[in-house]
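Now for the letters of each chain:
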Amino acid sequence: MKISYDELFDSCCANRGKYSCVIFLDIDGVLNDFDDRSSNRAPVNVSMVMRLKKIVEVSSADIILTSSWRMYYGMHDNVNEKYQMLLQTFDKYGLTISGKTEEIGFDLRSRPLEIRHWLMDKPDVERFVILDDMNWHWGWLSDHVVHTRRRDKSSLAGWSSGLDDDNVHQAIKILLALDE
């Protein structure tokens, strides 16, 4: 017998404290693809935002920015136009950003260190997933990572990226601790 996402949500993430379920979110390569980033289009792909929304709805997870876009988090003046568009899109679909990791540097170990540092201050976090297109040196965080970059023979770059349905399933599985 297959259990529904609603039943899993009720047993896993309901009635928990702040930051019990967390999505560490990169933007570029997760909520857009290479073609989206290189054009004058909106900074995020709506279908990918809707997939993120599904993960949030099923898990009741808070969104924590790990993206370079986090530099604009909490700013009210001189905010980047694309970041404003991101916030408007999130608002339109009922998504909010609950916080950000602090920038430590930019090498293959920085993002994992930033996430570890954030987690050290949040002992109530029971489940988390990392949505990212880059292959950082994740170490013990590897089991929590959903990579959104994949080989794509139809793409001129040979790669495509962005949150797809398989990524959604994998993220939900991690957040709800499913052993499928």
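Note that residues are indexed from 1 along each chain, following the sequence as it is written. At least 70 in pLDDT is required for a residue's local features to be given in this predicted model, at least 80 for side-chain atom pairs to be given and counted, and no such filter applies to totals for whole chains, interfaces and linings, which use all residues. Heavy atoms throughout the structure, all of them, feed into the side-chain values; hydrogens and water do not.

Undergrad: Mind showing me how you'd approach the packing of helix α3 (residues 46-59) against helix α6 (residues 165-175) here?
TA: Helix-helix packing: each pair is described by the crossing angle between the helix axes and the interaxial distance. To get an axis, a line is fitted to the C-alpha atoms, and for a helix only the part in contact is used. The angle between two axes follows their N-to-C directions and goes from 0 to 180 degrees. Helix and strand labels come from DSSP, where a helix needs a run of H or I of at least four residues and a strand needs a run of E of at least two; each type is numbered from the N terminus. Across the interface, α3 lies against α6 with an axial gap of 10 Å and an inter-helix angle of 20 degrees. It follows that α3 is roughly parallel to α6 by the angle criterion. Considering how the two elements wind past one another, α3 and α6 form a crossing that is right-handed. Each of Arg51, Lys54, Ile55, Val58 and Ser59 in α3 lies in contact with α6, whose residues at this interface are Asp165, Val168, Ala171, Ile172 and Leu175. Charged means Asp, Glu, Lys or Arg here, nonpolar means Ala, Val, Leu, Ile, Met, Phe, Trp, Tyr, Cys or Pro, and polar covers whatever is left, Gly included. Grouping the constituent residues of the contact of α3 with α6 by class yields 6 nonpolar, 1 polar and 3 charged. The labels follow the angle: roughly parallel below 35 degrees, roughly antiparallel above 145, roughly perpendicular from 65 to 115, and oblique for the rest. By definition, turning the near helix anticlockwise from the far helix through less than a right angle yields a left-handed crossing, and turning it clockwise yields a right-handed one. Any pair of residues with heavy atoms lying within 4.5 Å of one another is described as a contacting pair.

Undergrad: I tried to follow the side chain of Asp26 on my own but got confused; where do I start?
TA: With respect to the helices and strands, the residue Asp26 is situated in the loop between β1 (21-25) and α2 (34-37). A polar atom in the side chain of Asp26 sits 3.5 Å from the side chain of Arg111. Other than its neighbours up to four places away in sequence, Asp26 contacts Thr66, Ser67, Arg111, Leu131, Asp132 and Asp133. Here a polar contact is recorded for every N or O atom pair within 3.5 Å, except that within protein the pair must consist of a potential hydrogen donor and a potential acceptor, and residues adjacent in sequence are included only if both atoms are side-chain atoms.

Undergrad: Please explain the pairing of strand β2 (residues 62-65) as it appears in this structure.
TA: Every regular strand shows the same layout, with side chains that alternate between the two sheet faces. Note on exposure labels: buried denotes an accessible area under 20% of the residue type's maximum, exposed denotes more than 50%, and partly exposed covers the range between, all computed with a 1.4 Å probe on protein chains only. Residues Asp62 and Ile64 point to one face of β2 and Ile63 and Leu65 to the other, with burial holding for every one of them. One ladder, built from 3 bridges, connects β2 with strand β3 (residues 97-100); its direction is parallel. The partner of Ile63 across the bridge, within β3, is Ile97. When DSSP finds two or more bridges between a pair of strands, those strands are recorded as paired.

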